[in-house]
Every structure is written in C-alpha cells, then in structure tokens.
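# Coordinate inspection notes
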Amino acid sequence: MKIMHTADWHLGKIVNGASMLDEQRYILRQIIEIAKDEEVDGIIIAGDIYDRSVPPTEAVNMLNDTLYELNVLRQIPLFIIAGNHDSADRLSFGSAWYEQHKLFLAGKLTPTIMPIDWNGAQIWLIPYHDALSARSVLQDDSIKTFDDAMRVITGKIALVQDKTKLQICVGHAFVAGGLPTDSERQLAIGNADRVAVDHFEIFDYVALGHLHNPHALKNEKIIYSGSPLKYSFSEAKDKKSVRIIEFKDDATISVSEKFLKPAHDLQIIEGYLEELLIRTDIVKTDYLQINLLDEGALIDPIGKLRAVYPNILHLERKRPKLVGGNHERFEDVVKKDEVQLFAQFFNYTMAKELNENQMDILKNVVDKVKRGEK
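As a starting point, this report considers the structure included with it.

Conventions adopted
- Residues numbered from 1 in each chain as written.
- Predicted model: local features only at pLDDT ≥ 70, side-chain atom pairs only at ≥ 80, totals over all residues.
- Heavy atoms only, no water.
- Helix = DSSP H or I, 4+ residues; strand = E, 2+ residues; numbered from the N terminus.
- Contact = heavy atoms within 4.5 Å.
- Expected span 1.5 Å × (residues − 1).
- Pairing = 2+ DSSP bridges.
- Axes fitted to C-alpha atoms, helices over the stretch in contact; angles between N-to-C directions.
- Polar contact = N/O pair within 3.5 Å; in protein donor to acceptor, adjacent residues only side chain to side chain.
- Core = buried A, V, L, I, M, F, W, Y, C linked by side-chain atoms within 4.5 Å.
- Buried < 20%, exposed > 50% of the residue type's maximum accessible area, 1.4 Å probe, protein only.
- Salt bridge = Lys/Arg side-chain N within 4 Å of Asp/Glu carboxyl O.
- Parallel < 35°, antiparallel > 145°, perpendicular 65-115°, else oblique.
- Nonpolar A, V, L, I, M, F, W, Y, C, P; charged D, E, K, R; others polar.

So, on to the environment of Leu 362. Its location among the elements puts Leu 362 in helix α11 (residues 356-371). Sequence-wise, Leu 362 and Phe 342 are 20 residues apart; in three dimensions their C-alpha atoms are separated by 8.6 Å. Once you skip the residues sitting within four places of it in the chain, Leu 362 turns out to touch Val 339, Phe 342 and Leu 354.

All right, on to helix α1 (residues 21-38) then. The end-to-end C-alpha separation of α1 is 26 Å, in line with the 26 Å expected for 18 residues at 1.5 Å each. Looking one or two residues past α1, Glu 39 carries a phi angle of roughly 50°, positive in sign.

On to the sheet that holds strand β17 (residues 287-292). Within a beta sheet, neighbouring strands are joined by backbone hydrogen bonds and run either parallel or antiparallel to one another. With parallel pairing, 3 strands are arranged side by side in an open sheet as β16-β17-β18. Single-partner strands in this sheet number two, and they are β16 (266-271) and β18 (312-317). Ignoring strand direction, the axes of neighbouring strands in this sheet form an average angle of 15°.

Given 3.6 residues to a turn, an α-helix orients residues that are three or four positions apart in the same direction. Taking 1.5 Å as the rise per residue, α11 with 16 residues should run 22 Å; its terminal C-alpha atoms sit 23 Å apart, in good agreement. Taking the backbone nitrogen of Asn 357 as reference, a side-chain oxygen 3.1 Å away marks Asn 355 as the first, capping residue of α11.

Here the focus is the nonpolar core. A general trend in soluble globular proteins is that nonpolar side chains are found buried together. Met 4, Trp 9, Leu 11, Ile 43, Leu 63 and Ile 80 are the most contacted members of the largest nonpolar core, which totals 40 residues. Looking at this core, the element that brings in the most residues is α1, giving 7 residues. In this structure Ile 80 touches Ile 45, Ile 49, Leu 67, Leu 103, Phe 104, Leu 105, Ala 106 and Leu 125, once residues within four positions along its chain are discounted. In terms of nonpolar packing, the next biggest core, distinct from the first, is built from 29 residues, Trp 124, Met 150, Val 175 and Val 206 among them.

A word on the pattern of salt bridges. The full count for this structure, using the stated rule, is 18 salt bridges. Taking the shortest distance from any N to any O, the salt bridge between Arg 25 and Glu 58 comes out at 2.7 Å. Here the residue Arg 25 occupies a position in helix α1, and Glu 58 occupies one in helix α2 (residues 57-73), the gap between them amounting to 33 residues. For Glu 38, the salt bridge goes to Lys 258, with nearest N and O atoms at 3.3 Å. Placement of Glu 38 in helix α1 and of Lys 258 in strand β15 (residues 253-259) is noted, with a sequence separation of 220 residues between them. Taken together, the shared-partner salt bridges connect Arg 29, Glu 33, Glu 69 and Arg 74 into one network.

Strand order in the open sheet made by the 5 strands is β7-β8-β9-β12-β13, with mixed pairing throughout. Either end of the sheet is taken by a strand with one partner, and the two such strands are β7 (116-118) and β13 (222-224). Here the average twist between neighbouring strands, direction ignored, is 20°. Of the strand pairs in this sheet, strand β8 (residues 121-126) and strand β9 (residues 166-172) are connected by 6 bridges, and their pairing is parallel. When the sheet's bridge partners are listed, Ala 121 is paired in β9 with Leu 166.

On to the packing of α1 against α2. Relative to each other, α1 and α2 sit at 10°, their axes nearing to 11 Å. Taken together, α1 and α2 sit at an angle that is classed as roughly parallel. Listed contacts from α2 to Leu 21, Gln 24, Arg 25, Leu 28, Arg 29, Ile 32 and Ala 35 of α1 are Glu 58, Ala 59, Met 62, Thr 66, Glu 69 and Leu 70. Partitioned by chemical class, the residues of the contact of α1 with α2 number 7 nonpolar, 2 polar and 4 charged.

Here's what the structure looks like:
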C-alpha cells in the first residue's frame with residue numbers, strides 16, 4: 001500500500017503583502033501529478049488546508065477543483081483533518097456524504113473517536129483541538145494542556161485498536177522537539193502547546209501537520225510533511241516536498257520525499273546596491289528579501305532594485321551586531337574627552353574602529369564646536 005502525506009497548504013496565504021494563490025495553484029498541479037505518477041492508494045492532508053477561517057472565494061474554488069480531480073476523477077481516497085488555521089465547521093460541511101466517495105474529513109474533535117477501516121489499516125483522524133475544547137468535548141476535567149488532551153485521546157484509541165491491522169494516525173499538533181519556522185501561528189504562550197512523542201507509540205505511522213519544516217522532527221515514524229511552499233524567509237533554505245509512504249507485506253515501512261519546485265522561489269539575497277543591480281545569477285522574478293551591505297545614505301534603493309527585481313517582499317540594511325565590552329565605571333567614563341567618547345560609541349555600534357581620516361574629521365569638528373565656529 002502506498003500513501004501520499006501532505007499538509008499545511010494554507011490556501012489564500014498572503015506573504016509580506018503578496019498573494020500566493022497563483023503559486024499555490026502551480027504547486028497543487030505538481031501534487032496531483034505526483035499522486036498520478038506514484039499511483040498512490042490514498043492521500044493524507046494533515047490540516048491547515050486554508051490560511052484563515054474565512055478563506056477567499058478563489059481559495060475555496062481551488063480546493064474544490066483539486067479535491068474533485070483527486071477524489072472523483074482519479075478516485076483516490078482522501079483522509080483530511082482541520083488544522084488551527086481552518087474553520088472546523090466550514091471545512092467539515094458535507095463530510096457525512098463525502099465518505100460515500102471515500103473522502104474522509106474530520107473537522108471537529110468528537111467524544112467518540114472511531115477509526116476508518118481501509119486497506120487492512122485503521123486510520124485515526126485527530127483534528128486540531130486546544131485544551132479547553134478537548135476538555136469540554138471529552139468531558140474530562142484532567143485536561144488542562146495540549147499534552148493532556150493528546151494523552152486522553154490516544155488513551156481512548158489504545159482501548160479500541162485492532163492490533164492485527166496497520167495503525168495510522170493523522171494529527172495537527174506541535175510535538176515536543178519539533179523545529180518551528182516564522183510562518184506558523186503560535187498555538188499557545190511559551191511551550192504550553194507541546195505534546196509528548198510518547199503518546200504516539202501506539203501507531204505505526206503518524207502523519208503530522210502544523211510545522212512547516214519538512215524535517216522538523218527527527219523520528220522514523222512521527223513525521224511532518226512540511227508546507228508545499230515557503231511561507232516565510234526563515235524557510236528560504238528548505239526544500240519542500242510531499243512524503244510517499246509504502247507499507248510492505250513484511251510490515252516494513254519506507255518513507256521517501258518527492259520534491260516540489262515552485263513557480264517562483266523565495267530567497268534571501270545579500271550584497272551592495274550597485275552590485276545587485278547588475279548580477280546575473282539571481283532569478284529576477286523570485287520572491288526576495290534583499291539585505292543591503294552599503295554604508296551611508298542611499299537614494300531610492302527600493303525603486304532602483306524593483307526595476308530589476310519586481311517581487312521584492314522585504315528590503316533591509318544589514319547592520320553589524322553591537323560589539324560587547326566590559327562595563328566601565330562612571331568615574332572612568334567622565335574622564336574621557338568628546339573624541340574618545342564618540343570613537344568608543346562608533347566602535348560599539350558599527351563593530352569597527354574609526355579610520356585615520358574619520359578621526360581627523362571628528363577632531364576638526366569638535367575643535368570648531370569648542371571655538372564656537374559654524
């Protein structure tokens with residue numbers, strides 16, 4: 001049996017003011033073609049289908065067209081859960097009759113968690129939930145944290161599992177030890193959103209969503225697929241993919257990545273303004289964060305750069321890190337003259353010493369001020 005695992009599509013996403021709809025449409029075509037080429041038996045989509053609870057109409061239509069092609073035209077069973085960005089009610093509309101066509105969708109946590117018996121496996125769909133909603137739905141006052149909720153849910157599952165069948169879990173959570181990026185919405189303050197790895201030991205494979213880094217967790221059977229596109233510059237070096245999981249007759253599981261190529265990549269570029277305007281090694285239509293190394297004033301740098309790179313999403317001047325130093329006593333500081341104090345301040349903020357020419361200019365300015373000259 002072969003299953004594709006993907007998650008965190010975030011349809012309707014806007015990155016630094018730029019709509020990702022066209023990029024998402026392009027990448028979904030690749031996912032459809034990979035499903036066809038790999039001849040997968042089923043597809044898991046582990047939450048955050050949309051980027052917000054009330055998605056734009058174009059995002060809804062895009063999802064409708066994609067699921068129609070995968071499930072109706074290609075007749076691939078789909079196993080989908082809601083993530084923290086989705087509206088559980090909106091996403092699960094119609095799910096009762098979708099199942100007649102093997103489209104299984106869990107939008108909301110329910111008091112009784114039943115498996116989907118399919119192809120010799122039990123698939124458990126655990127949609128996103130917070131501690132408050134889980135405590136109410138499961139009627140268990142011991143639930144006070146995300147970890148408590150997952151402990152209770154997996155404990156209930158363990159009681160009714162058929163151990164003769166392959167056990168597959170689909171979830172949307174922050175598993176302790178996972179590596180986040182800047183594009184995930186924080187589930188709680190601090191580490192209160194973490195859930196322990198131990199809760200998933202009862203499963204043969206755990207298909208997770210939420211963290212966008214495809215290698216967010218180093219675990220052989222608890223795996224994040226990552227988002228199919230880069231949604232923040234913290235992901236610039238990531239290689240996005242979908243997972244293909246093969247469950248073999250000898251009970252072994254193999255997991256491979258099928259890499260995705262975006263229509264326009266998202267990159268961080270660094271250099272001097274004049275150099276960047278003539279460089280030939282940068283794809284000019286990519287989405288860019290440009291870090292300028294120039295010192296001093298620049299006239300309309302964003303205008304000049306946008307004439308060459310139309311999809312600049314962020315421009316900043318790279319500043320040196322402040323140089324640390326020993327704390328000085330006040331008595332020693334007040335003994336220094338104006339030139340010494342400014343030179344010390346320059347070194348602290350610019351991470352380098354004033355050169356000889358700059359020092360001469362500084363001394364000349366200080367002398368003029370002391371003499372009352374303009």
